[in-house]
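Geometric and topological summary
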Amino acid sequence: MTEVSVRPIAGHVGAEIAGLSLNALDDAGFATVRDALFAHGVVFFRDQDLSHEGHIALAERFGTIDVNRFFTPVATHPQIAEVRTEPHHAQVIGGTWHTDHSYDPAPAMCSILVARELPPFGGDTLFASQTAAYEHLSDGLKVTLEGLNAWHSDASFGTGIQDERLSDDGVSQPVLHPVVIRHPQTGQKALYVNGDFTTHFEGWSRAESQPLLDYLYDYCTQPAFACRFQWEPGSVAIWDNRLVQHYAVADYQGARRLMHRVTVEGQVLGGVTA
């Protein structure tokens, strides 16, 4: 029997799990994955041959699939979204620090990304721990942020990448989330603002909000809180959107990169006093 191992890859975020087949995950194996995900924010797997059906089944172990309203789906499996870059594309999808679905009233729990076609070099993904970011704040700023909520909006889909990969048909009303959340399963405190979807603090103007938000965006994605994952054929990443932000590195222009993503529904997020 192959021994299962969970190996951290950075000081605050990320672990690589070996010895499990994601196509044949029993209850004990799934518990290992789930516990490692909550402990490390993002987990990585190598040498997987995850089918479309296996991808969907894995996601359903975590909860109900949240079909993204902006991405082009895989034709035969509409639960799976394409994250695709063609050689002629000037921009990549996800090429800024962000948190998936923070614009939803009940933001996504986790995202599962599978490498299907990779460029000859580059195309890594970075992840940053928002629990580590919170923990390293000054006590004074913690008090300030714990009393704030912030508005999140999906309007950037109507003003960002304008090509066939994304639709702006699903743009909806802004939603309000605590700036510091408690993880629904573990109780961990985490910062919950991101540059793509957070617009301003509740009760503050956008002009008043921007200096502090800009500070937080830079602070919470600094290298000390981050890890970098180099994709290979057969690689899979699962991340908890309540615990990390991520960033797709755009350093392979002129090459093709195709990833398949399934996102799992989450729940309304509570603040530190909830």
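Residues numbered from 1 in each chain as written. Predicted model: local features only at pLDDT ≥ 70, side-chain atom pairs only at ≥ 80, totals over all residues. Heavy atoms only, no water.

Regarding the environment of Val67
Mapped onto the secondary structure, Val67 falls in the loop between α2 (52-62) and β4 (73-74). The spacing of Val67 and Asp124 is 57 residues in sequence and 24 Å in space, taken between C-alpha atoms. When sequence neighbours within four positions are dropped, the list of residues in contact with Val67 reads Pro78 and Gln79. (Helix = DSSP H or I, 4+ residues; strand = E, 2+ residues; numbered from the N terminus. Contact = heavy atoms within 4.5 Å.)

Describing helix α5 (residues 206-220)
Given 3.6 residues per helical turn, the α-helix brings residues three or four places apart onto the same face. For α5, which comprises 15 residues, the first-to-last C-alpha distance of 20 Å matches the rise-based estimate of 21 Å (1.5 Å per residue) to within 8%. The largest bend in α5 is about 25°, located at Leu212. Elements in contact with the buried residues of α5: β7 (125-129), α3 (130-135), α4 (139-146), β11 (189-191), β12 (198-201) and β15 (244-248). (Expected span 1.5 Å × (residues − 1). Bend = angle between axes of the 7 residues up to and from the residue.)

Examining the environment of Glu232
If you trace the backbone, Glu232 turns up in the loop between β13 (226-229) and β14 (236-240). As a C-alpha pair, Glu232 and Gly195 span 37 residues in sequence and 28 Å in three-dimensional space. Not counting the four nearest positions on each side in its chain, Glu232 is found in contact with Arg46, Ala115 and Leu118.

Section: the sheet that holds β7
The sheet built from 3 strands is open, its strands ordered β13-β7-β15 with antiparallel pairing. Two strands bound the open sheet, and with one partner strand each, they are β13 and β15. For this sheet, the mean angle separating the axes of adjacent strands, direction not counted, is 20°. Where β7 meets β13, 4 bridges bridge the pair, whose relative direction is antiparallel. Looking at the pairing, Leu126 lines up with Arg228 of β13. (Pairing = 2+ DSSP bridges. Axes fitted to C-alpha atoms, helices over the stretch in contact; angles between N-to-C directions.)

Considerations on the packing of aromatic side chains
In this structure the tally under the stated criterion is 10 aromatic pairs. Taking the centre distance of 5.3 Å and the plane angle of 55° together, the rings of Phe127 and Trp239 count as tilted. Separated by 112 residues along the polypeptide, Phe127 in strand β7 and Trp239 in strand β14 bring together distant segments of the chain. Pair check on accessibility: Phe127 and Trp239 agree, each one buried. Aromatic side chains Tyr219 and Phe225 sit 5.5 Å apart centroid to centroid with 75° between the ring planes, which places their arrangement in the edge-to-face category. For Phe225, a relative accessible area of 4% puts it in the buried group. Three or more aromatic residues link up through ring pairs in this structure, and these residues are Phe44, Phe127, Phe229, Trp231 and Trp239. (Phe/Tyr/Trp six-rings, centres within 6.5 Å; stacked < 30°, edge-to-face > 60°. Buried < 20%, exposed > 50% of the residue type's maximum accessible area, 1.4 Å probe, protein only.)

Re the side chain of Arg242
Among the secondary structure elements, Arg242 is positioned in the loop between β14 and β15. Those residues in contact with Arg242 that lie beyond four places of it in its chain are Phe38, Ala108, Met109, Ile181, His183, Pro184, Gln185, Ala190, Tyr192 and Leu269.

A word on the pairing of strand β8 (residues 149-152)
Burial along β8 is one-sided: the face carrying Ala150 and His152 is buried and the face carrying Asn149 and Trp151 is not. Taken together, the 4 bridges between β8 and strand β9 (residues 175-178) define a ladder with antiparallel strand orientation. In the sheet register, Asn149 faces β9, and the bridge partner there is Pro178. The pairing of β8 with β12 spans 3 bridges and is antiparallel.

Structural measurements only, silent on function.
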